[in-house]
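Here are the chains, one letter per residue:
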Amino acid sequence: KEVEILTGAVMNCLNYICESNVMKDNNLQLKIIGETDNFFKKCNRDKSYMDKNLKKLEKNNGRIVNFLMAYNGTKSLKRAFDECERLNEKFNFENLSRKLPFSPVSLLIRTGQPDGFIKLSNYFPGIEQARLFGLSKYPQEFSKQNLENIMNKFFNLKDSYTKFR
């Protein structure tokens, strides 16, 4: 039952993002990153719901918003190391970063966090320039209005717009 609630919350959040005026008004693309096949298999859900939502933004060609769904930083980093090794490249930050599935982070929204504190439970390369936003609401309580408010605040920060890639 808990898995169903959490899965529903993730799907709702994905829907909020895809229907967000901020995404449409700023011509933002959405990229899903993570172990999605595994996620849908474990939750006994059909992946078509995600695909249907992504179609709402498929014509957008602006900056990319990365949505981490069942993301595993350890696996991602291991794949980057393996790819460097396969290509006989040095193990350095620059080479590893190019092998990771997302661009540098500008904004990280984390739910279920005590007000004022954010726990990073995974490896997030490129986060050194990011704005971290934590809220105490859990994913199932996160609303479309929450997303709109956070994104609008972010876009109105004087130094953040140029950092958003």
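Above this note sits the structure.
Residues numbered from 1 in each chain as written. Predicted model: local features only at pLDDT ≥ 70, side-chain atom pairs only at ≥ 80, totals over all residues. Heavy atoms only, no water.

Undergrad: Talk me through the side chain of Asn15; I want residue IDs and the actual numbers.
TA: Here Asn15 is to be found in helix H1 (residues 2–19). With residues near it in sequence (within four places) discarded, Asn15 still touches Tyr49, Asn53 and Lys56. (Helix = DSSP H or I, 4+ residues; strand = E, 2+ residues; numbered from the N terminus. Contact = heavy atoms within 4.5 Å.)

Undergrad: Which residues make up the pattern of salt bridges, and what are the values?
TA: Enumeration over the complete set of coordinates arrives at eight salt bridges. Here Glu19 and Lys56 are joined by a salt bridge, their closest N and O atoms 2.9 Å apart. Of the two residues, Glu19 sits in helix H1 while Lys56 sits in the loop between helix H4 (48–55) and strand E2 (64–68), which places them 37 residues apart along the sequence. Residue Lys56 is classed as partly exposed on the basis of its relative accessible area, which comes to 35%. Between Lys144 and Glu19 there is a salt bridge, with its nearest N and O atoms 4.0 Å apart. With a gap of 125 residues between them, Lys144 in helix H7 (residues 144–156) and Glu19 in helix H1 connect regions that are remote in the sequence. Salt bridges here are not isolated pairs; linked through shared partners, they connect Glu19, Lys56 and Lys144. (Salt bridge = Lys/Arg side-chain N within 4 Å of Asp/Glu carboxyl O. Buried < 20%, exposed > 50% of the residue type's maximum accessible area, 1.4 Å probe, protein only.)

Undergrad: Account for the nonpolar core, with residues named and values stated.
TA: Ranked by internal contacts, the top residues of the largest apolar core, which has 28 residues, are Leu30, Phe67 and Met69. Per element, the largest residue contribution to this core is seven residues, and it comes from H1. For Met69, the contacting residues outside a window of four places in its chain are Val10, Met11, Leu14, Ile32, Ile33, Gly34, Glu35, Thr36, Phe39, Phe40 and Met50. Residues Ile33, Tyr71, Phe102 and Val105 belong to the second largest nonpolar core, which totals seven residues. (Core = buried A, V, L, I, M, F, W, Y, C linked by side-chain atoms within 4.5 Å.)

Undergrad: How would you explain the pairing of E2 if you had to name every residue and give the values?
TA: Burial of E2 is one-sided: the residues Val65 and Phe67 facing one way are buried, the residues Ile64, Asn66 and Leu68 facing the other way are not. The pairing of strand E1 (residues 29–33) with E2 spans five bridges and is classified as parallel. Counterpart to Ile33 in the pairing with E2 is Leu68. (Pairing = 2+ DSSP bridges.)

Undergrad: Any chance you could break down the packing of aromatic side chains for me, citing the residues and the numbers?
TA: The full count for this structure, using the stated rule, is three aromatic pairs. Seen from their ring centres, Phe39 and Phe40 are 5.3 Å apart, and the 85° between their planes marks the pair as edge-to-face. Both residues of the pair, Phe39 and Phe40, count as buried. (Phe/Tyr/Trp six-rings, centres within 6.5 Å; stacked < 30°, edge-to-face > 60°.)

Undergrad: How would you summarise H1 if you had to cite specific residues and measurements?
TA: Over its 18 residues, H1 runs 26 Å from end to end, which matches the ideal 26 Å to within 8%, given 1.5 Å per residue. Along H1, the residues classified as buried are Thr7, Gly8, Ala9, Val10, Met11, Cys13, Leu14, Asn15, Tyr16, Ile17 and Cys18. The inward-facing, buried residues of H1 abut helix H2 (21–25), E1, helix H3 (36–42), H4, E2 and H7. (Expected span 1.5 Å × (residues − 1).)

Undergrad: Describe unusual backbone geometry, and please don't skip the residues or the numbers.
TA: Despite not being glycine, Asn27 shows a phi value in the positive range, around 55°. Relative accessible area serves as the criterion here: at 28%, Asn27 is assigned to the partly exposed category. Phi at Asn88 takes a positive value of approximately 60°, unusual for a residue other than glycine. Residue placement: Asn88 occurs in the loop between helix H5 (73–86) and helix H6 (93–99).

Undergrad: Explain the packing of H1 against H4 residue by residue, including any values.
TA: The interhelical angle for the contact between H1 and H4, taken along N-to-C directions, is 15°, at an axis separation of 9 Å. Here H1 lies roughly parallel to H4, going by the angle between them. Relative to H4, H1 is oriented so that their crossing is left-handed. Across from Met11, Leu14, Asn15 and Cys18 in H1, the residues of H4 making contact are Tyr49, Met50, Asn53 and Leu54. Per-class residue counts for the contact of H1 with H4 are six nonpolar, two polar and no charged. (Axes fitted to C-alpha atoms, helices over the stretch in contact; angles between N-to-C directions. Parallel < 35°, antiparallel > 145°, perpendicular 65-115°, else oblique. Left-handed = near helix turned anticlockwise from the far one by under 90°. Nonpolar A, V, L, I, M, F, W, Y, C, P; charged D, E, K, R; others polar.)

Nothing here speaks to function; it is all geometry.
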